[in-house]
Every structure is written in structure tokens, then in C-alpha cells.
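# Structural overview
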Number of protein chains: 2
Amino acid sequence: MAEAPTAQQQEVLSKKAQKKQLKEQEKAKRKAAAAVAAAENEQKATEEEGDISVGRYGVLPIVQSSEKTDRVWTRIGDLTEDLVGSRVLVRARVHTTRATAKQCFILLRQQHFTVQGLLYVSDVVSKPMVKFVGNLNREAIVDVEALVKASPEKVTSSTQENVELHIETLFVVSDSLPKLPLQLDDATRQRKGRDQQEDSAIGFVNQDVRLDNRIIDLRTVTNQAIFRLQAGVCRLFREYLTSEGFVEIHTPKIISAASEGGANVFEVSYFKGSAYLAQSPQLYKQMALAADFEKVFTVGAVFRAEDSNTHRHLTEFVGLDAEMTFKEHYHEVLDVLDKMFVYIFKGLRDQYVTEIATVHRQFPAEPFKFLEPSLRLTYSEGVEMLREAGVEMGDEEDLSTPSEKLLGRLVKEKYDTDFYMLDKYPLAVRPFYTMPDPRDPKLSNSYDFFMRGEEMLSGAQRIHDADLLTERAKHHKIDLEKIKSYIDSFRFGCPPHGGGGIGLERVLMFYLGLDNIRKTSMFPRDPKRITP
Amino acid sequence: MAEAPTAQQQEVLSKKAQKKQLKEQEKAKRKAAAAVAAAENEQKATEEEGDISVGRYGVLPIVQSSEKTDRVWTRIGDLTEDLVGSRVLVRARVHTTRATAKQCFILLRQQHFTVQGLLYVSDVVSKPMVKFVGNLNREAIVDVEALVKASPEKVTSSTQENVELHIETLFVVSDSLPKLPLQLDDATRQRKGRDQQEDSAIGFVNQDVRLDNRIIDLRTVTNQAIFRLQAGVCRLFREYLTSEGFVEIHTPKIISAASEGGANVFEVSYFKGSAYLAQSPQLYKQMALAADFEKVFTVGAVFRAEDSNTHRHLTEFVGLDAEMTFKEHYHEVLDVLDKMFVYIFKGLRDQYVTEIATVHRQFPAEPFKFLEPSLRLTYSEGVEMLREAGVEMGDEEDLSTPSEKLLGRLVKEKYDTDFYMLDKYPLAVRPFYTMPDPRDPKLSNSYDFFMRGEEMLSGAQRIHDADLLTERAKHHKIDLEKIKSYIDSFRFGCPPHGGGGIGLERVLMFYLGLDNIRKTSMFPRDPKRITP
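Residues numbered from 1 in each chain as written. Chains lettered and ligands numbered in written order. Predicted model: local features only at pLDDT ≥ 70, side-chain atom pairs only at ≥ 80, totals over all residues. Heavy atoms only, no water.

### Topic: the overall build of chain A
Helix and strand content of chain A: 15 helices and 17 strands. The buried share of chain A, taken over its 532 residues, is 60%. Nonlocal contacts in chain A, meaning residues at least 24 apart in sequence, comprise 70% of its contacts between residues at least 6 apart. Surface exposure of chain A reaches about 21300 Å², of which carbon and sulfur atoms provide 50%. (Helix = DSSP H or I, 4+ residues; strand = E, 2+ residues; numbered from the N terminus. Buried < 20%, exposed > 50% of the residue type's maximum accessible area, 1.4 Å probe, protein only. Contact = heavy atoms within 4.5 Å. Areas by Shrake-Rupley, 256 points an atom, 1.4 Å probe, with all protein chains shown as cover.)

Okay, structure coming up:
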């Protein structure tokens, strides 16, 4: 069977090639379906015939912790020329096999590393053993003892190009069903361009199939990289803020009243009453500051009962929230957030080179560009740029999604950055707790941040005075009874403060230039999906 | 007015003293109630009389970010003898004031640091200014310019004992209501012993009053320390696991089916259908391992709809979860968890000396003891110790809470440790997905960890084989349809694995020897409380 291209050697396949491959895959599936039975028969026949390889291959009993040995395990990523001549023990997945009667190639995979194993009939390897290995199910987990040899020519189908494993023993630790709901090679195939509807094309995997079978889909090199990057964003976020004296807090998800007006909130049955799921940690972050914690951050689930089925909305996402007191001006907050993003962008760029390259092999995108310090424009400067480009809009109008994206392109052209801050939004388009501008009553001390032309942080100076907050809530026609406890938390002295809320999945999606937020959420939730 | 004791000079107050204090507090409240009006009149009178201090005191307009200056701010914690002779600018809360006609003392507080400020009538300080400062509301936030002077004798009522601030200007940045729902000094008063019902005693603050007014309660030095320690536990947990190659993941809280049997789960209205809140990230951690992430951890909200009103149950808490694959034996997992806890305990002990001491001043407890490596007992060894102490129990019986606590005391006596692991629980008392022991069908590859005699981690080797899992689920009479997707996630090859789930609030509560989990949750949730 021809070997499907791996992430390391992806090429644009012609339709013809795709068809051919599809046929081969079907053939492979049929073959695989027969494998378990065949293997069992083989093993029997084998024993009868006096198989010289008995004890060198087969299926292990379930690993139930019955023994501890001091055997040393080698990682596939560590298999280099330095190990040529040594015997190694490896636990890995069967990525693919390719066999004839007398020999067999097996591509072994461990996360994003692969190495070629081989096996041929010899004085210790029997025909039945070769057949057994050739019939292994893809994705089965096996323990392999092998001799490391230099490969006669570069094995371009594996990440470890210069060595190959000459297999001496092979045992199945955990088998896979022969028929996989999706093929990893299909799930890793390079998309041709941003607008291509690759999901429905032959040889690609539809997004719902991916998500329905997420445990297999997540095994692709691309997903292995994406979720390591996701962990990186969180780590860098916390690292920077911790170094700046921020305290991590945890805020409740179950709340008694819908804090921000009442729309788009999920209701929960709570013993004999009911409660709601928090749409943000906003109130609790502010309460922590009113309680003298000065600078806080929190990472946690945020819930939005919005029936939005778009590329960038989820009903549950991970919020990275920061809030801090300041002395004179909310730009003290902006300065911290600015440096924090630069720290995150640099950290990703410098510490995740391989992961970023891996993602971009499947989903090509320009490297993410940013400035230091970050570009800061006012909202009216942004509106001016849009108007010059022919967009008609009012001074107090919010940016539409197309305008956001256009502005992103204009900013990129003019300033060569994919990240910028837009400061001083019109007061009318911001939540009631936003501090008005001290001079222009139509403006506010608020800002959004954008990556590749899409918003991923919204923040502001918050009103820390109970009377002004009451006045603004009345202006917004908000039921004062419902937000009484919120307003009351500012009655016992509260320092001026501001902050912002970031959507983790959005930051990663835009950083990598991906087209759908479901690619950066491990188990995404939207109005139509709450499984797996 | 006599100064109430601060955390730094707490003493057991006699009932008489408490009564006296209570009277004084009421007096202070009456005084405070008149302060705002008085200050306003004062200011007016002042201007008429030609107050020499005009422009040196008063109430600032709301800080609305109208100016940026390059003024330098000093932190109270940095006010030492080195600064004697210099002028400083400080933003702080008014902790207490004490005034005569001609002079005024004011204790300024910033988180857990306090410094004494003073003010007396002079050629630049007018009588009205002294009166204004003397009448300030407790908890108001003020900006103070002052000259740092060496204090003639140690100011034992403040953390900065060797200096005092001679106030030159003072402005209110954010005022407080004159009547506080609780007094910080009452909320910080040292409890006398573990069994004392201090909550209802005079001069102490009842737990519900604390929680109802959490933003004020959280300002106590004790709470400032507790939640810094909480952030520390999380940081150390992640630091250790990240250094060991674990990947942080985020698991959904909204799930389609109650994974672990169906009891104790909160239901959520989800658009036109319904969903549930996850009782643990268990299934998702395991899926991440089936998806080749090898070692994962997650920190997030966990929900339990248990109507338990005890000292150690919450309906929403923060779960610190870790799960990893292993090669041969689940003790590979135990070894990692062992080292992780030692890392956390050492980190707390060495990096949070002040915070731990601060908490123990109010809530006295023995320092937390641990061994390295940690003590590991088998369940049957534990049962044996209990039997020797007179407890009657069967081999396959679970530990009752009193037995747990007794065993903790016996272990402490024998091994001098507050932390230990109990391995190899009876299979009958563990969840269906627990791996049975390979030799004794009555035992399982599972463990609990204990701190000061109470359980705070539960874990095990999980069954990674779909057939065995099905068999065990049937044995537990679990509806297979409901856990189909869970079982199916083991059908495409899954490595042997194990892990554990930790309750953050419990770890901190037991580490500090506190008596109630509501003390280590910033905004606790229980069957009777979902506010604030």
C-alpha cells in the first residue's frame, strides 16, 4: 500500500491522486477489518507449526500494574544517529504498516514524532511474525524492542529521518478497532488556501466528523501543536502578571443574578431554586480590588447563552481576566496589558517555533507581527482611517465585523502590525459600568484590542463610585434592584481600577491565523454541540 | 478612643474588655456618622475664616483619568528608617483615627501593612484640617503627602514600627460609608482554641456576616494572607507538573450527560434542551490521554449538587486535576504525585513564611509536617492501625470520617507526618472505572491522600480497556447507554494511565489547620449560599 503523506511531506494532491488514495484507504480498511481474526488464527497456526518467533510477538494482557521492572524506555524524538547500534525499547502507536510476505515496514508514532520500523524473515523472525505486524491495526499501541540502525537513505516519511528500527520483539499493549472513523493523514492534509472549503472535499475531514471523534482528531501533529500552544498562552499570561505582583483568584461560576443585564445567560436548577452561570468574572474581579488585592487575574470558564453559530463564538470558553487598581490614569492599566501581550507574543514566537511551524504547515498563514511597544490608536483615528477607505459611519457607532476586519488590513498596511489597541470608545456602545471620559461626555475610558483585525480583548476603566454607577445604570435603564449588591460593593472605599477580559481560544486562533474557534478549543461548546 | 488591637498585637481580651470595646465602637460609629456633614460644614467655615490649610486637604473629585503626572508613590511596606527625612506620597485606607482638638493620629493601611500618621496644629496645619482628618471614615481611601520621621518610641500598633508620617496634605480619593457592617479588628481577633464557638461571641464576627460582607472581610490581614497562599498552591502545582512535561488543558463544564452515574449533578437549561454541570474533568482528562497528550493537568471549577452542609463541602470548588500515562505500574503516577506534594509543601513553607504566620496568629495551629518521600501505607495497614486502636470494621468497608481523623492522629503519633497516602483501597468502595488489583480481586489500584487526617485527593489507575470497563460498569449496574461515549473513547488504543483530583480549598484549609472550607474559598457556594 502506498504511504499517505505525513505532515512532514505534505503536498497539494491532485484530484486524481486523492481518488487513488481514497481507494487505497478503503482497501486498507478492508484489510484492517480482517486483521484481528487473522492475527488470532496466525498465532494458533504458528504454535502448531513450531514458530521460531514464539515469545517475540503477540498481544499482552491488560497492563494492570502487576510488575515493576527497571527497563529503560526510549522516546522516538530521541532516536538519532547517536543511538545507532544500541537496542531500544519504545512504546508507540502504529501509524501505518506496509507488508509483503517476507518483510514489513511499520511507521511508529509518539505524539508528533515518527520513526520507521522494519522486520524481515530471518533466523529469528518468522513469516507469521511478519504477517502479524503487517496486519496490526492503525492506532494500536505497541511495545517494540529493536536495534537502531542508520537508514540507508533518508526516511522522508518520518520525523527521525536518519535512523530506522530493526524490530526484534513487538507486543500489542492496547488495540484499536480496525475501522477508524477518520484517517489521521486526511485530518492532517494541508489546506490550499484560506477560503477553500476543504472540510467537505475528498481526502479531507469534515469539522463535525473531527469533533465527533475528537480523541482521534486530537492525535494529529497539528492538534498536538495547537494545544501545547494553548497551554503556552496561559502560562505566559500568568507568568507575566505574577511577576508584576498580580494575585491569582478564583471566582464563582454559579451566581444568583444575571449581573450584566440578564440576556444571554444560562439558568441552572439549584436545589429548590435556580441560579445562573457567570458570563464573566467582572463583578468578582472588581470585588477583589475593593477588598484590597490591588492586582488580580483569573483563568476560568465563561458562559454565554448566545445563539450565535459563527466562526468565533462559543457558548463556553476560557476567560483570561486581569484587573488592577491604578493611581491617576487608566493608561497605567493599558501599559501593563501592552507589555503583557508583547511578553506572550515573544514567548510564543521564541519558545514554540516547532509548534507554530507545524500548525502553519497544515493551515498556512503569515507569521504574526507585533510592535514593541504596541500600536495604540484612538477610536476616532480608526474611524477616520475607515472613512478614508470609503466606509460611512457615525462617530458614536460601534464597529461592524467587516469594518473591524477592514481596519485590521488598513492598520497592517500602514503600521505593519497584526496587533493593536483601540482606545477611547464612544460611551454609548460600552457597558454601563464604563468610566466616561473626563472631558468629552460622548467618549469613555475604554478600549478593545485586535489581532489580525478581530477583537480579542475588551476592557475599560470601571466606575468605582456608587453614585456615578447608579446614575449610569439608570441611564441604561437597568433594574437597580438586580445590581444592588454590585453597586453596594463600592460603598466602603474602592480604588480607581480597570482591566480587561480575553478569550483564550480567540487569542490562539488569531495568533495562528486559523479560521474557526473550534480549532483552538479542545472540546468546543456551541448552540448545537455539547458532546463529546 | 482606645485603639483596638491589630493582628500584630492580638491578645485574648477579657469579656470586660470586649464590652468596653463594643461601647467604644458604638461611640466611634456615632462619631463617624456625623463626619461627612461635619467635614462639609468645616470646609465651609474654614473658607470663611481664612483657613491656612486650604488646598492641603479635602475630597478629590472622582479619579476619572484626567491627568498623568510623574509623581512617585511609596508603598507602606517600604517605609523604613532609610526614608527618614524624605517626603513621600502614599495612597492608603484609613484604618483608625484618634483625635483631640489640636492633634490627630491616623493609622494608614495598605493590604497587610500599616503605618502611623500624625497631624498637629501648626503654622501650616489648621484646626479645621486636624478635625477633618480626625473625622475621616474608617476604610476611606486617602492620598497623603508626608514627611517620614523616626518614631520616638516603637509604634507597636503598626507594622512599620520605627517610622511615622508627619502629614502635610491629605485628600479623600474614595470615601466609605460611616457605618461598617463589620469591624476589621473584630474580624481579625485571635480565636482561643479549635473548639471555641468564636463566631457568635461578642467582639468576633459571625461567619455569615463575614460572607455577606465579603469585600470588607477579605481586607483582614488573615484573608489577604490566605488568598495569597491559595494562589501559591495553584502556582506550585502548575510549576511542578509543567517542569515534568505535563500539558495544561481546559475541559468543558457544560456536558450532555451526567458521567458518573447521574446523582448530585446540576441541570442547566441549554437553549431548547438541557445539559449538566461537570462533576469532575475525569472523562476529559482521560480523553486527552487517549489523544496522546501523555501527561495533562487542569485547574477549574467543579460542581457537586450535594445537599451537604458540612465544614468541608462546597457545591462549587476549584479542582486541581492531574492525569498521566505510565508504562508498567501505577506507582509511577504515585511517585509523581508524591514529589508534587512535597514540592508544594516546601514551596509554601519557604516562600510564604509571613502569610502562614499571619494566618496562624488569628487561627493558631501546629506547623504542617510532611516527610520526603511521603509516607505510603496500604489500606489494610491503615485498617490494622485502627483495629489496634479499638475500631471495629470490615476489610472491605470504607473509612468513616471519624475513622479518617483517628487514623490521621495515629499516623501523626507513629510517623510524625500530617501528610500520607493510603494505597490499595477495596475495589467495592471505588468508582466502576477503577482498575482492579491484578492479584487480589477484592482490592484495587487506587489511593487517597490525607492531610491532618482528612482526605483531599482521590485517585487510581483507571481502566483503559473498553471490554473490562463494560464488565465493571455492568457489575455496578450502570446504564451502559449513558456512558457509551466514555467507553468508546477506549476503543482506538489507549495507554495505561492514572491520576487524581484535588480540592484546592481543602488542601489549603488542611495545610493551615483551618476549621471551615469557607475560609479558603473567596466566594464560597454551598446549598444555602450563592451570594455575593
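Moving on from the coordinates now.
### Here's the deal with the nonpolar core
One finds B:F341, B:F419, B:F449 and B:M456 to be the most contacted residues of the largest nonpolar core, which totals 96 residues. Sort the elements by how many residues they give to this core and helix α7 (residues 221–243) of chain B lands first, with eleven residues. Formed by 95 residues, the second largest nonpolar core is a distinct cluster that contains A:V233, A:V299, A:I502 and B:L289. (Core = buried A, V, L, I, M, F, W, Y, C linked by side-chain atoms within 4.5 Å.)

### Points about the interface of chain A and chain B
Across the boundary between the two partners, chain A contributes 109 residues, which contact 109 residues of chain B. Both sides together, the interface formed by chain A and chain B hides about 9200 Å², and carbon and sulfur atoms give 60% of it. Summed over the shared surface of chain A and chain B, the result is ten salt bridges. Between A:D292 and B:R109 there is a salt bridge, with its nearest N and O atoms 3.1 Å apart. (Buried area = accessible area lost by both parts, 1.4 Å probe. Salt bridge = Lys/Arg side-chain N within 4 Å of Asp/Glu carboxyl O.)

### Focus: the packing of helix α7 (residues 221–243) of chain A against helix α15 (residues 504–512) of chain A
In a pair of packed helices, the angle between the axes and the distance between the axes together describe the arrangement. All names here are of chain A. In contact at an axis separation of 10 Å, α7 and α15 are set at 120° when each is read in the N-to-C sense. Judged by the angle between their axes, α7 and α15 are oblique. Our pair here, α7 against α15, has a crossing hand that is right-handed. Across from I226, L229, Q230, V233 and C234 in α7, the residues of α15 making contact are L504, E505, V507, L508 and L512. (Axes fitted to C-alpha atoms, helices over the stretch in contact; angles between N-to-C directions. Parallel < 35°, antiparallel > 145°, perpendicular 65-115°, else oblique. Left-handed = near helix turned anticlockwise from the far one by under 90°.)

### Quick word on the side chain of B:R109
Inspection of the secondary structure assignment puts B:R109 in strand β3 (residues 103–110). We classify B:R109 as buried; its relative accessible area is 4%. Only 2.9 Å separates the side chain of B:R109 from the side chain of B:H95, close enough to count as a polar contact. Polar side-chain contacts of B:R109 include one of 2.8 Å to the side chain of B:E139. Among all residues touching B:R109, those that are not within four sequence positions of it are A:D292, B:I76, B:A92, B:R93, B:H95, B:T114, B:E139, B:L184 and B:R219. (Polar contact = N/O pair within 3.5 Å; in protein donor to acceptor, adjacent residues only side chain to side chain.)

### Structural notes on the state of the cysteines
Counted by the stated rule, this structure contains zero disulfides over all chains. The closest cysteine sulfur to the non-disulfide-bonded A:C234 is located on B:C234, 13 Å from its own sulfur. Taking the relative accessible area as the measure of exposure, A:C234 reaches 0% and is therefore buried. (Disulfide = S-S within 2.5 Å.)

### Structural notes on the relation of the copies chain A and chain B
Each copy of the sequence occupies a distinct position, and chain A is placed on chain B by a rotation of 180° and an axial shift of 0.0 Å, giving an RMSD of 0.1 Å. Look at the turn and shift together and you get a two-fold axis relating the two. Residues of chain A ranked by C-alpha distance from the rotation axis are headed by A:V268, positioned 2.2 Å from it. A shared binding surface is used by both copies, with 100% of the interface residues of chain A retained as interface residues in chain B. (Least-squares fit on C-alpha atoms with pLDDT ≥ 70 in both.)

### Quick word on the sheet that holds strand β13 (residues 375–378) of chain B
Residue and element names in this part refer to chain B. Across the sheet, eight strands lie side by side as β7-β11-β12-β17-β16-β15-β14-β13; this open sheet has mixed pairing. Since the sheet does not close on itself, it has two edges, and those belong to β7 (247–248) and β13, each with one partner. Running at roughly 80° to β13, helix α11 (residues 379–388) makes contact with β13 and β14 (419–423) of the sheet. (Pairing = 2+ DSSP bridges.)

### Brief notes about the packing of aromatic side chains
A complete count under the given rule lists 50 aromatic pairs over all chains for this structure. Centroid distance A:Y270 to A:F271: 5.0 Å. Interplanar angle 90°. Geometry classified as edge-to-face. Pairing B:F345 with B:Y511 gives two aromatic rings, centres 6.1 Å apart and planes at 15°, and the pair type is stacked. Of the two residues, B:F345 sits in helix α9 (residues 331–351) while B:Y511 sits in helix α15 (residues 504–512), which places them 166 residues apart along the sequence. Accessibility assignment for this pair places B:F345 and B:Y511 in one class, buried. (Phe/Tyr/Trp six-rings, centres within 6.5 Å; stacked < 30°, edge-to-face > 60°.)

### Overview of the sheet that holds strand β16 (residues 454–462) of chain A
Sheet strands line up and pair through hydrogen bonds in the backbone, either parallel or antiparallel. All names here are of chain A. Ordered in space as β7-β11-β12-β17-β16-β15-β14-β13, the eight strands form an open sheet in which the pairing is mixed. Taken across any chain shown, the strands that pair with only one partner, and hence form the sheet edges, are β7 (247–248) and β13 (375–378). Sheet strands in contact with α7 are β7, β11 (295–303), β12 (316–325) and β17 (497–503), and its direction is about 155° off that of β11.

### Details of unusual backbone geometry
For the bond running from A:E372 to A:P373, omega is 0°, close enough to zero to count as cis. With respect to the helices and strands, the residue A:P373 is situated in the loop between α10 (353–362) and β13. Following B:T531, the chain continues into B:P532 via a peptide bond in cis, with omega recorded as -10°. Of note, B:P532 is situated in the segment after α15. The residue A:S65 is not glycine, and still its phi comes out positive at about 65°. Mapped onto the elements, A:S65 comes out in the loop between β1 (57–59) and β2 (87–99). If you check the backbone angles, B:K477 has positive phi at about 55° while not being a glycine. In this structure, B:K477 sits in the loop between α13 (466–475) and α14 (484–488). Since its relative accessible area comes to 75%, B:K477 is described here as exposed.

### With respect to the environment of B:E366
All names here are of chain B. For E366, the position within the fold is in the loop between α10 (353–362) and β13. Judged by its relative accessible area of 57%, E366 is exposed. The spatial distance from the C-alpha of E366 to the C-alpha of H313 is 23 Å, given a sequence separation of 53 residues. Residues in contact with E366, not counting those within four places in the same chain, are H360 and R452.

### Focus: the environment of A:D143
Tracing the chain through its elements places A:D143 in strand β5 (residues 141–150). For A:D143, the residues in contact, after removing those within four places along its chain, are A:L60, A:W73, A:V90, A:R91, A:T169, A:L170, A:F171 and A:V173.

### Considering the pairing of strand β4 (residues 113–120) of chain B
Residues and elements named next belong to chain B. The buried fraction of β4 is high, at six of eight residues. Examined bridge by bridge, β3 and β4 share eight bridges and lie antiparallel to one another. Across the sheet, residue F105 finds its bridge partner in β4, namely L118. If you look at the hairpin formed by β3 and β4, you'll find two residues sitting between the two strands, and Q111 has a positive phi there, around 50°. In this structure, β4 lies alongside strand β6 (residues 163–174), joined through three bridges in parallel fashion. Following the sheet pairing, L118 is matched in β6 by H166.

### Regarding the pairing of strand β15 (residues 446–451) of chain B
Residue and element names in this part refer to chain B. β15 sits mainly inside the fold: six of its six residues count as buried. Side-chain alternation along β15 places S446, D448 and F450 on one buried face and Y447, F449 and M451 on a second face that is also buried. Sheet topology note: the β14/β15 ladder contains five bridges and is antiparallel. Each bridged residue has a counterpart across the sheet, and for D423 the counterpart in β15 is Y447. Note that β15 and strand β16 (residues 454–462) share six bridges and pair antiparallel. Its bridge partner being in β16, F450 is matched across the sheet by E455. Between β15 and β16, which pair antiparallel and follow one another directly, the connecting turn spans two residues, one of which, R452, has a positive phi of 45°.

### Observations regarding the pattern of salt bridges
Close approach of charged atoms lets side chains of opposite charge pair. Applying the stated criterion across every chain, the model contains 74 salt bridges over all chains. A salt bridge links B:D217 to B:R210, with the shortest nitrogen-to-oxygen separation between them at 2.7 Å. In this structure B:D217 comes out as buried when scored by relative accessible area, which is 0%. B:E239 is the salt-bridge partner of B:R235, the closest N and O atoms lying 2.8 Å from each other. With B:R235 and B:E239 both in helix α7 and four residues apart, the pair spans about one turn of that helix. One salt-bridge network, held together by shared partners, links A:R93, A:R109, A:E139, A:R219 and B:D292.

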